[in-house]
Amino acid sequence: MLRRWAHPTTTMIFFMSLLLVLIRADRIAPVGISFRRDVSASRLLCGYDPSACDCDEVAASTMGVKPSPSETPYTVTAVDRFDTTSRAIGFPEGFLWGTSTAAHQIEGGNVNNDWWAWEHSPNSDCAESSGDACDSLRRWPEDIELVASMSLGAYRFSLEWSRIEPAEGEFSLAALDYYRRMCAACRERDITPVVTFHHFTNPSWLATRGGWEAPDAADAFTRFCTRAANHLGDLIGWACTINELNLIGLTGYTTASSPPGVKDDLVRHLAVNDVVAQAHRSAVDALRSGPGDFPVGLTLSMDEMVAEPGGEGVLEAAREILEDRFLRATEGDDFIGVQCYSRLHFGPEGEAPIDPEVPTTQMGYEYWPQGVEHCARRAATATGLPVLITESGIATEDDTERITYLTEVLRGVRRALDDGVDIRGYFVWSLLDNFEWMHGFGPKFGLHSVNPETFVRDPKPSAVWFGEVARSNRLVLPAG
Ligand code: BGC
């Protein structure tokens, strides 16, 4: 995740000061994650006397999975696992196949948030403005048709807070209805809407008051969640409160790669970490108290982390601040959303540069599809929660490489399932080639290309391939 947002020198400074702060604040000691839960996720979903409840059934029905009377929903049979004739790997019945997007990256014209201002600021290194993005504000029905034509069971998209609450305390019914129509259109096509309430952007009115540093930021976010959930809750399938909340402090206050663009201020970074964790917790309560009955969780940006000789301490410190602090914040949630794109190496000085011999993606990350399996296992062990892989993908112009990459990722997911890791679904990032934040429209993560002048979407071979995986609930392995 660091490489995605920072220059190596920045990360080195970051880790040196991080170590100092953690040691001073006595925060290094509890790095081991000691909150493994002794109640199963399905018991949590019951919410009352476990002995009086068929927890597996409740878990299965709540999570959109067909329960089986005698087995947990994810017990795997030999046939399910491996078909020797076709060299196909099966997935559990009810496994949720989906694809993800985010409002600011596809809607276009999101002029009333902090990212729009950041894209247009001379102080940022943004490659270009999000502009019309993919024009999904108008073309969302086409997007949902693309999801349907791939036979996916789920579509993850986000609500743009600045559209729903354009001025503080003033809510737009038209914007709420807009997202309601999206949820309803998904439901009509048997697509489960997975709704993210915050995906990196803050409304301008909040940014002006300090963004996540405003004294009432968590309350403001909770109020927004309450209002939006009241309007949409009966249609929501799964809810993600805050996307990659572990990146908000990092990119805003250490790497200066998102608004407000502050560099190397670890104290503010750690303070924002606390605020977003708090905002998540109160958002969970707000979403649960509204209409509907859907699993609620957060999504985390994770990486497989590897220590080079002498880098063990730095890795532990990094892991605490970047991941473990937020893994603990999931206590009481219904699931954890895992998002992993690569792996990171740590030496004694901080993040180690990538070996020039190692293949990299268009984003400059190490090509490492195995990371997803690693992070899913780690998240499940640390939290005891069911895992939804809410984002996974690769930026590449070579769509064959995308299929190869995703195939490797899915083999890893299957290995984890075989070992009993409770993974409920897998979402490709992304449905469309879209606005990749600081990098603009250069990196191609999409299953569909988007013509920048006409906005016409075209399925790539990977869309057809992924559709076949979802339709058959099987991954056919390449020969050899
Ligand atoms: C984010 C997306 C982003 C993707 C690829 C995740 O960090 O949630 O918004 O486009 O990774 O970099």
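Anyway, here's the lowdown on the structure attached to this text. (Residues numbered from 1 in each chain as written. Predicted model: local features only at pLDDT ≥ 70, side-chain atom pairs only at ≥ 80, totals over all residues. Heavy atoms only, no water.)

Notes on the nonpolar core
Core analysis: the largest hydrophobic core is formed by 102 residues, its most contacted members being Trp-97, Tyr-155, Phe-197, Phe-221, Val-413, Ile-423 and Tyr-426. For this core, the element with the highest residue contribution is helix H12 (residues 217-232), accounting for nine residues. Ranked by size, the runner-up nonpolar core spans 19 residues in total, among them Cys-126, Met-305, Leu-315 and Ile-321. (Core = buried A, V, L, I, M, F, W, Y, C linked by side-chain atoms within 4.5 Å. Buried < 20%, exposed > 50% of the residue type's maximum accessible area, 1.4 Å probe, protein only. Helix = DSSP H or I, 4+ residues; strand = E, 2+ residues; numbered from the N terminus.)

Quick look at the pairing of strand S10 (residues 423-429)
Most of S10 is tucked away: seven of the seven residues are buried. Here strand S2 (residues 96-100) runs beside S10; their pairing, made up of five bridges, is parallel. Within the sheet, the bridge partner assigned to Gly-98 lies in S10 and is Phe-427. One ladder, built from three bridges, connects strand S9 (residues 387-391) with S10; its direction is parallel. Bridging across to S10, Leu-388 finds its partner in Gly-425. Handedness of the crossover joining S9 and S10 through helix H17 (residues 399-418): right-handed. (Pairing = 2+ DSSP bridges. Right-handed = clockwise from strand over helix to strand, strands pointing away.)

Concerning the pattern of salt bridges
Throughout the structure, instances matching the rule amount to 31 salt bridges. When the shortest N-O distance is used, the salt bridge between Asp-418 and Arg-414 registers 3.0 Å. With Asp-418 and Arg-414 both in helix H17 and four residues apart, the pair spans about one turn of that helix. Judged by relative accessible area, Arg-414 falls into the buried class, the value being 2%. The structure contains a network of salt bridges with shared partners spanning Asp-135, Arg-138, Arg-139 and Glu-142. (Salt bridge = Lys/Arg side-chain N within 4 Å of Asp/Glu carboxyl O.)

Examining helix H8 (residues 136-149)
The end-to-end C-alpha distance of H8 is 17 Å, clearly below the 20 Å that 14 residues give at a rise of 1.5 Å each. Of all the bends in H8, the largest measures some 30° and sits at Glu-142. Taken residue by residue, H8 has Ser-136, Trp-140, Asp-143, Ile-144, Leu-146 and Val-147 as its buried positions. Contact partners of the buried residues in H8: S2, helix H6 (103-106), strand S3 (154-158), helix H10 (173-188), strand S11 (448-450) and strand S12 (457-459). Phi for Ser-151, located one or two positions after H8, is positive at around 60°. (Expected span 1.5 Å × (residues − 1). Bend = angle between axes of the 7 residues up to and from the residue. Contact = heavy atoms within 4.5 Å.)

Describing empty space enclosed by the protein
A complete count under the given rule lists three cavities of 30 Å³ or more for this structure. Taken together, 14 residues make up the lining of the second largest cavity; nearest its centre are Ile-106, Glu-107, Tyr-155, Phe-157 and Met-182. Across the lining of the second largest cavity, the residue classes break down as nine nonpolar, three polar and two charged. (1 Å grid on protein atoms, 1.4 Å probe; cavity = no way out; pocket = protein on both sides within 12 Å on 5 of 7 lines; lining within 4 Å. Points joined across faces, edges and corners; volume = space filled by probe spheres on them. Nonpolar A, V, L, I, M, F, W, Y, C, P; charged D, E, K, R; others polar.)

As for the packing of aromatic side chains
Two aromatic rings are characterised by how far apart their centres lie and by the angle between their planes. Inspection of the entire model under this criterion finds 23 aromatic pairs. With 5.8 Å between their ring centres and 80° between their planes, Trp-97 and Phe-466 make a pair best called edge-to-face. Of this pair, Trp-97 sits in strand S2 while Phe-466 sits in helix H18 (residues 461-472), placing them 369 residues apart in sequence. Phe-466 shares its class with Trp-97; the two are buried. Among the aromatic residues, those joined into a cluster by ring pairs are Phe-91, Phe-95, Trp-97, Tyr-426, Trp-465 and Phe-466. The ring of Phe-326 is capped by Arg-325, whose NZ or CZ atom sits 5.6 Å from the centre of that ring. Residue placement shows Arg-343 over the ring face of Trp-368; its charged tip is 3.5 Å from the ring centre. (Phe/Tyr/Trp six-rings, centres within 6.5 Å; stacked < 30°, edge-to-face > 60°. Lys NZ or Arg CZ within 6 Å of the ring centre and 35° of its normal.)

Side note on the packing of helix H13 (residues 245-253) against helix H14 (residues 266-289)
With their axes 8 Å apart at the nearest point, H13 and H14 run at an angle of 155° to one another. Taken together, the axis directions place H13 and H14 in an arrangement best described as roughly antiparallel. Taken as a pair, H13 and H14 cross one another with a handedness that is right-handed. Contact residues: H13 offers Leu-245, Ile-248, Gly-249, Leu-250 and Tyr-253, while H14 offers Arg-268, His-269, Val-272, Asn-273, Val-276, Ala-277 and His-280. Of the residues belonging to the contact of H13 with H14, the class tally is seven nonpolar, four polar and one charged. (Axes fitted to C-alpha atoms, helices over the stretch in contact; angles between N-to-C directions. Parallel < 35°, antiparallel > 145°, perpendicular 65-115°, else oblique. Left-handed = near helix turned anticlockwise from the far one by under 90°.)

Section: the pairing of strand S4 (residues 192-198)
Most of S4 is tucked away, with seven of its seven residues classed as buried. As paired elements, S3 and S4 share five bridges and run parallel to each other. Residue pairing for S4: Ala-154 is matched across the bridge by Thr-192.

Observations concerning helix H16 (residues 370-383)
Across its 14 residues, H16 extends 21 Å between first and last C-alpha, which sits within 8% of the 20 Å expected from 1.5 Å per residue. With respect to burial, H16 is a largely interior element, ten of its 14 residues being buried. Listed in full, the buried residues belonging to H16 are Gly-371, Val-372, Glu-373, Cys-375, Ala-376, Arg-378, Ala-379, Ala-380, Ala-382 and Thr-383. Structurally, H16 contributes buried residues whose contacts are with strand S6 (296-307), helix H15 (312-328), strand S7 (335-347), S9, H17 and S10. Backbone geometry just downstream of H16 places Gly-384 in the positive-phi region, at approximately 75°.

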